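Listed below are the residues making up each chain.
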Amino acid sequence: MSRIFNGVVKEMKGNTFFLGVLVGGVIGGMTMLLSAPKSGVQLRASIKENSQELSEKLYDLKSEAKQFLQLLEKSTREGTEVVRDFTEDVQETISSWKKDIAPHQVNIHNEIKEIEDTLNKLESALQSSRHNALN
């Protein structure tokens, strides 16, 4: 029995809530219409004018967005080309530098080898002279 009663109470609460929302909405709508500072004709004209202005602004915004996207695409293409050209130039410069420096690397390597050999000879001579001086 209590189950039936609880079910009826829940259903009534749900219906009461929706009834309250419906009545509140109707009263709020009527209050708005009666307290509106403009007549119905003026209100409709104002709404129509505002909707036309909004449509024009949305159209302008759409056009500007389209132009912005086109500019962005163009800038991206140009930027990609600039980066590609720059990369190619850097690669060519490095390649040219490597070719220019290659003979000098061999010379420097040979000079370093000669210096090492000279140092080894001096070190041997120094050790020999110490050994002779001690004996």
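None of these values were measured; they are calculated from a predicted model. (Residues numbered from 1 in each chain as written. Predicted model: local features only at pLDDT ≥ 70, side-chain atom pairs only at ≥ 80, totals over all residues. Heavy atoms only, no water.)

**Here's the deal with the overall build of the chain**
For the record, the criterion: To qualify as a helix, a DSSP run of H or I must reach at least 4 residues; to qualify as a strand, a run of E must reach at least 2; elements of each kind are numbered from the N terminus. Working definition: with a 1.4 Å probe on protein chains only, accessible area under 20% of the residue-type maximum means buried, over 50% means exposed, and in between means partly exposed. Here the Shrake-Rupley method, with its probe set to 1.4 Å, supplies the accessible areas, and only the displayed protein chains count as covering residues.
Counting its regular elements, the chain contains 2 helices and 0 strands. The buried share of the chain, reckoned over its 135 residues, is 1%. When the accessible surface of the chain is summed, it comes to about 12900 Å², and 63% of that surface belongs to carbon and sulfur atoms.

**Structural notes on a negative patch on the surface**
Threshold: Exposure above 30% relative accessible area and the absence of a salt bridge qualify a residue for a patch, where like charges join within 9 Å and nonpolar side chains (Val, Leu, Ile, Met, Phe, Trp, Tyr) within 5 Å. Should a side-chain nitrogen of Lys or Arg be within 4 Å of a carboxyl oxygen of Asp or Glu, the pair is scored as a salt bridge. Positive residues here are Lys and Arg, negative ones are Asp and Glu, while His and the chain termini are left out of the count. Each charge is placed at NZ for Lys, CZ for Arg, CG for Asp and CD for Glu.
Taken together, the side chains of E78, E81, D85, E88, D89 and E92 make up a negatively charged region of the molecular surface. Within the secondary structure layout, D85 lies in helix α2 (residues 40-134). You can call D85 partly exposed: its relative accessible area is 42%.

**Looking at a nonpolar patch on the surface**
Nonpolar side chains collect at one region of the surface, where L54, L58 and L61 lie side by side and expose about 300 Å² of accessible area between them. For L54, the location among the structural elements is in helix α2.

**Observations concerning the confidence of the model for the chain**
The condition is simple: The predictor reports its confidence for every residue as pLDDT, a score running from 0 up to 100. When checking whether two residues touch, look at their non-hydrogen atoms; a contact exists if any pair is within 4.5 Å.
When pLDDT is averaged along the chain, the result is 80; 79% of the residues meet or exceed 70. This model gives residues 1-12 a pLDDT under 50, and the stretch forms 0 contacts once residues within four places in sequence are excluded.

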